[in-house]
Amino acid sequence: MNIAIDGPAGAGKSTIAKLVAKELGNIYVDTGAMYRAMALYMIKNGISPDDVASIEEACEHADISIAYQDGAQHVMLNGEDVTGELRTEAVGNMASSTSVNARVRTKLVSLQQKLAERTGVVMDGRDIGTVVLPNAEVKVYLTASVETRAKRRYKELIEKGLTADFDAIAADIRDRDYRDMNRKNSPLRQADDAVLVDSSDMTIDEVVSAILDLTKKA
Ligand code: DC
């Protein structure tokens, strides 16, 4: 059984998807990490987010693959494990900007579809239910208000001992939502057959059991 979880940045997709995958014995596939690895390649090579020719050329030279260690996904960029470098705001914003490119998307969508051919997956991203796995048995559109998502991110940064500016985080989330939802290629949208789950007033356990209930009915 394949489960597609789409939604905006900070909705809790990866936390939820990992737990659902563990319950079901499926592999968790974080597609955002693949777009982030492409973005990291571009940052490391000094490519600007507006330089379409260089972004498309990067698709020829950046080899992305996925490995699993103790059930955790590791992203390899030209043979090097870059998993630890992917979760910064700079890489996330670059990924949001460069993922509008059709060449980037074709390359990564094909990798994602190959992973799901081999085994049952819980895959999260922006276009999983609409483009990558249109036949997924369960599709969820997981969202939360901008306020809730900004609060969660703020708390996460403070708990790590970092400084955080709530208004700047909220503005960043709004910008990212706008880019992800309004791009021409595979914009973020709820698939017609996806179930909407708004996690603003739900605990992690409640969201996980709501999704597990959907898998029982599928
Ligand atoms: O989920 P994330 O924050 O790790 O994703 C980073 C960016 O990658 C996101 O802003 C848009 C892009 N992305 C995408 O276009 N399609 C996906 N399936 C996953 C991520």
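Caption draft 1: Geometry of the packing of helix H1 (residues 13–24) against helix H9 (residues 204–217). Axis separation between H1 and H9 bottoms out at 10 Å; the angle between their running directions is 50°. Between H1 and H9, the angle is such that the two are oblique. By crossing handedness, the relation of H1 to H9 is classed as right-handed. Contacts between H1 and H9 involve Thr 15, Ile 16, Leu 19, Val 20, Glu 23 and Leu 24 from the former and Ile 204, Val 207, Val 208, Ile 211, Leu 212 and Thr 215 from the latter. Of the residues assigned to the contact of H1 with H9, the class counts are 9 nonpolar, 2 polar and 1 charged.

Caption draft 2: Quick look at the nonpolar core. Counting 36 residues, the largest nonpolar core has Met 38, Met 42, Val 104, Met 123 and Leu 133 as its most contacted members. If you list the elements that add at least two residues to this core, you get helix H2 (31–44), helix H3 (52–61), strand S3 (64–69), strand S4 (72–77), helix H4 (89–98), helix H5 (102–118), strand S6 (121–125) and helix H6 (128–132). With 9 residues, the single largest contributor to this core is H2. Those residues within four positions of Val 104 in sequence are excluded, and the remaining contacts are Tyr 35, Met 38, Met 42, Ile 55, Cys 59, Thr 98 and Ser 99. Grouped together as the second largest cluster of nonpolar side chains are 17 residues, Ala 17, Val 197, Val 208 and Ile 211 included.

Caption draft 3: Quick look at the packing of H2 against H4. The contact between H2 and H4 brings their axes to 8 Å, and the two run at 100°. By the angle between their directions, the pair H2 and H4 is classed as roughly perpendicular. Judged by residue contacts, Tyr 35, Arg 36, Ala 39, Leu 40, Met 42 and Ile 43 of H2 engage Ala 90, Val 91, Gly 92, Met 94, Ala 95 and Thr 98 from H4. Looking at the contact of H2 with H4, its residues break down into 9 nonpolar, 2 polar and 1 charged.

Quick notes on the rules
Residues numbered from 1 in each chain as written. Predicted model: local features only at pLDDT ≥ 70, side-chain atom pairs only at ≥ 80, totals over all residues. Heavy atoms only, no water. Axes fitted to C-alpha atoms, helices over the stretch in contact; angles between N-to-C directions. Helix = DSSP H or I, 4+ residues; strand = E, 2+ residues; numbered from the N terminus. Parallel < 35°, antiparallel > 145°, perpendicular 65-115°, else oblique. Left-handed = near helix turned anticlockwise from the far one by under 90°. Contact = heavy atoms within 4.5 Å. Nonpolar A, V, L, I, M, F, W, Y, C, P; charged D, E, K, R; others polar. Core = buried A, V, L, I, M, F, W, Y, C linked by side-chain atoms within 4.5 Å. Buried < 20%, exposed > 50% of the residue type's maximum accessible area, 1.4 Å probe, protein only.

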